[in-house]
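A structural walkthrough
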Amino acid sequence: SAPDLQVSGTLHGADGATVRVPPGFVDLARQVICHRSGERFGLLYRLLWRIAHGERALLEICTDPEVRRVVRMAQSVRRDGHKMKAFVRFRQVAGVAPEQFVAWFEPEHHVVDAVAPFFQARFAGMRWSILTPERSVHWDGAALSFAAGARRESAPTDDALDDLWRTYYGHIFNPARLKVQAMRAEMPVRYWHNLPEARAIRPLVRAARQRTGDMIEAAPSPAPHKAAKWVPLARPCAPTGGEHPADRLRAELAACERCALHRVATQAVPGEGPPQARLMLIGEQPGDEEDLRGRPFVGPAGRLLDELMAESGIVRERTYLTNAVKHFRFQPRGKRRMHQRPDGGHIEHCRWWLEHELALVRPEVVVALGATAAQALLRHAVRMADLRGRPLPYGPAALIVTWHPSYLLRLREPAQRAEARAGLLADLRTARVLLDQDHRRPVGDLRAAEPPRCA
């Protein structure tokens, strides 16, 4: 009789003898026993005999013919289990209450018992059965039960959801990326007669070349509604002969392709403020609203920054605001675009723009909002705790490193948020004091100036 496999790696034979084996053998045997081949038990017994008689590392010898054979059998069983999870299609039984769903599947190996818990967890809220020629499994909402095999005629062959499956498959089918051999490897033809979407495969394959050509010739899709609403408000300024070099730089930035971020962002977001502002605030990168509107610091973090600037006596219209990285890096999550921190490559590629802005504006005080902005200016990674709030020399200007306002918005504890807010406010006040103490330009130069406007 077959041995009783234990998780501990101990085998108990029919005669009561106990054999210690590597845990890997137990896991391997569980899979190989599900293989359809009639030689599986003989192979496993021979491997067990060799392990019990001194070949403890036998399973590590991948060139051994018997080891190679059982490993391939285990791979085949795992692949068959994966195909069952992917290609089982439940259909509702007509006229039965409560609702009952039945699927027909033809596995290559004996995987029904091993895969049944997957369907139990995934479809726990409905009553279902999976019928196969040799073994069937049923779920009544409370417990799994197994029975003998069934005939194909015992399962429904069509229901109202079949058309939905075909519609879904037709929409996700990409004719430009069609590789027939790869598709048949992932969805073998032997499963097609059980899949409602299979009826659409051959017509889609035949029309793939024509559809690909139509896609290439078709006009670009319109921008999403939200983006289309804002993009016209943020067209780059067209340079004219009498404008400041900072405006020409802004126009050139609109066509920037120095890094891959331009492929996914709506647009590059230039700096904004008087061309000769005495104070420059540098953030990390545009956020979602900034990306859509084409202006820096207009989202939640920007509104908080406006509030703190007002409390510290800094007028936004007299300040130049920009970001170390000019395009929005994000990670799609449903319909939302979640902020993703720029990496060193993005910072390095955008440093060219930032250095030109510094050279054109020539600020007397620079405030780096966050570690990314500080890294862009200092050319190395920084720890905020080491630099925050302490004025540093930066060429002819003074540099202050402080929190980015978005950091405050991410803090959940009110006490931590209040402490960080007080620190950022104190650093902005320090910047204001430094401006008042610097006599290279009279304080009167802080008079209001209109930021450059785009058509």
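Residues numbered from 1 in each chain as written. Predicted model: local features only at pLDDT ≥ 70, side-chain atom pairs only at ≥ 80, totals over all residues. Heavy atoms only, no water.

Section: the layout of surface pockets
- As a volume, the largest pocket reaches approximately 1,200 Å³.
- G287, D288, F328, R337 and H339 are the residues nearest the centre of the largest pocket, which is lined by 39 residues in total.
- Of all the secondary-structure elements, those providing two or more residues to the lining of the largest pocket are α9 (225-230), α11 (288-293), α12 (300-312), β12 (336-339), α14 (371-378) and α16 (405-410).
- Grouping the amino acids of the lining of the largest pocket by side-chain chemistry returns 18 nonpolar, 11 polar and 10 charged. (1 Å grid on protein atoms, 1.4 Å probe; cavity = no way out; pocket = protein on both sides within 12 Å on 5 of 7 lines; lining within 4 Å. Points joined across faces, edges and corners; volume = space filled by probe spheres on them. Helix = DSSP H or I, 4+ residues; strand = E, 2+ residues; numbered from the N terminus. Nonpolar A, V, L, I, M, F, W, Y, C, P; charged D, E, K, R; others polar.)

With respect to the confidence of the model for the protein
- On average, residues of the protein score 84 in pLDDT, and 86% of them are at 70 or above.
- Across residues 1-8, confidence stays below pLDDT 50; counting only partners more than four residues off in sequence or on other chains, it has 16 contacts.
- Long-range and interchain partners of residues 439-455, a stretch whose pLDDT sits below 50, account for 31 contacts in this model, where long-range means more than four residues apart. (pLDDT = per-residue confidence, 0-100. Contact = heavy atoms within 4.5 Å.)

Structural notes on the pattern of salt bridges
- The full count for this structure, using the stated rule, is 28 salt bridges.
- The closest approach of N and O atoms between D288 and R337, which form a salt bridge, is 2.8 Å. In this pair, D288 sits in helix α11 while R337 sits in strand β12, placing the two residues 49 residues apart along the sequence.
- Its relative accessible area of 22% is what places R337 among the partly exposed residues.
- Three or more residues are tied together by salt bridges with common partners; here these are R46, R50, E55, D64 and E66. (Salt bridge = Lys/Arg side-chain N within 4 Å of Asp/Glu carboxyl O. Buried < 20%, exposed > 50% of the residue type's maximum accessible area, 1.4 Å probe, protein only.)

Re the sheet that holds strand β8 (residues 144-148)
- The strand order across the open sheet formed by five strands is β4-β5-β6-β7-β8, and the pairing between neighbours is mixed. Each edge of the open sheet is held by one strand with a lone partner, namely β4 (91-92) and β8.
- Relative to β8, helix α4 (residues 112-122) is tilted by about 145°, and along the sheet it contacts β6 (127-131), β7 (135-139) and β8. (Pairing = 2+ DSSP bridges. Axes fitted to C-alpha atoms, helices over the stretch in contact; angles between N-to-C directions.)

Considerations on the sheet that holds strand β14 (residues 392-394)
- The five strands lie next to each other as β10-β9-β13-β15-β14, forming an open sheet whose pairing is mixed. Each end of this open sheet is capped by a strand with a single partner; those strands are β10 (319-323) and β14. Across the sheet, the mean angle from the axis of one strand to that of its neighbour is 30°, orientation sign disregarded.
- Alignment of strand β9 (residues 279-283) against strand β13 (residues 365-369), held across four bridges, turns out to be parallel. By the bridge assignment, I282 is partnered in β13 with A368.
- Contacting β9, β10, β13 and β14, helix α13 (residues 344-361) runs over the sheet at an angle of about 170° to β10.

What about the packing of aromatic side chains?
- Going through the model one piece at a time under the given rule, you end up with 13 aromatic pairs.
- When the ring of F90 is compared with that of F119, the centres are 6.1 Å apart and the planes differ by 85°; the resulting orientation is edge-to-face. A residue pair is termed long-range when its members are at least 10 positions apart, and F90 in the loop between α3 (65-87) and β4 and F119 in helix α4 qualify at 29 residues. Across the pair, F119 and F90 agree in class, each one buried.
- Where Y169 meets F173, the ring centres are 6.2 Å apart and the plane angle is 40°; that geometry is what we call tilted.
- Members of the aromatic cluster, each reached through a chain of ring pairs, are F90, F118, F119, F123 and W128.
- Its guanidinium or amino end placed over the ring of F118, K85 lies 5.1 Å from that ring's centre, counting from NZ or CZ.
- Of note, R190 hangs over the ring of Y191, and the distance from its end group to the ring centre comes to 4.8 Å. (Phe/Tyr/Trp six-rings, centres within 6.5 Å; stacked < 30°, edge-to-face > 60°. Lys NZ or Arg CZ within 6 Å of the ring centre and 35° of its normal.)

Side note on the pairing of β12
- Summarising the sheet, strand β11 (residues 330-333) and β12 pair through four bridges and their orientation is antiparallel. Residue pairing across strands places Q331 opposite M338, the latter belonging to β12.
- Remark: two residues form the turn of the hairpin made by β11 and β12, two consecutive strands paired antiparallel; G334 in that turn has positive phi of roughly 65°.

Looking at the state of the cysteines
- Applying the stated criterion to the full structure yields zero disulfides.
- C256 forms no disulfide, and the closest cysteine sulfur to it belongs to C350, at a distance of 6.0 Å.
- Overall, the relative accessible area of 10% leaves C256 in the buried class.
- Sulfur of C259: no disulfide; nearest cysteine sulfur belongs to C350 and is 5.4 Å away. (Disulfide = S-S within 2.5 Å.)

A word on the nonpolar core
- Core analysis: the biggest nonpolar cluster contains 29 residues, and M84, V88, F90, F119, W128 and I130 have the highest contact counts within it.
- Of all the secondary structure elements, the ones that give two or more residues to this core are α3, β5 (100-104), α4, β6, β7 and α7 (201-206).
- For this core, the leading source of residues is α4, giving four residues.
- With residues up to four places along the chain from it excluded, the contact list for I130 reads M84, V88, F90, A103, F105, F119, R135, S136 and V137.
- Core analysis: the second largest hydrophobic core is formed by 27 residues, C350, V366, A397 and L399 among them. (Core = buried A, V, L, I, M, F, W, Y, C linked by side-chain atoms within 4.5 Å.)

Details of the packing of α12 against helix α17 (residues 414-437)
- Where α12 contacts α17, the axes come no closer than 9 Å and their chain directions differ by 50°. Relative to α17, α12 is oriented oblique. α12 and α17 meet at a crossing whose hand is right-handed. Contact residues: α12 offers L305, E307, L308, M309, E311 and S312, while α17 offers R421, L424, L425, L428, R429 and R432.
- Residues that form the contact of α12 with α17 fall into these classes: six nonpolar, one polar and five charged. (Parallel < 35°, antiparallel > 145°, perpendicular 65-115°, else oblique. Left-handed = near helix turned anticlockwise from the far one by under 90°.)

Section: the pairing of β6
- In terms of residue burial, β6 counts as a mostly covered element, since four of its five residues are buried.
- The sheet contact formed by β5 and β6 spans five bridges and is parallel. Each residue of the ladder has a partner; that of Q100, found in β6, is R127.
- The parallel pair β5 and β6 is bridged by α4, and the resulting crossover is right-handed.
- The pairing of β6 with β7 spans four bridges and is antiparallel. Of the residues in β7, the one forming a bridge with S129 is H138.
- Between β6 and β7, which pair antiparallel in sequence order, lie three residues. (Right-handed = clockwise from strand over helix to strand, strands pointing away.)

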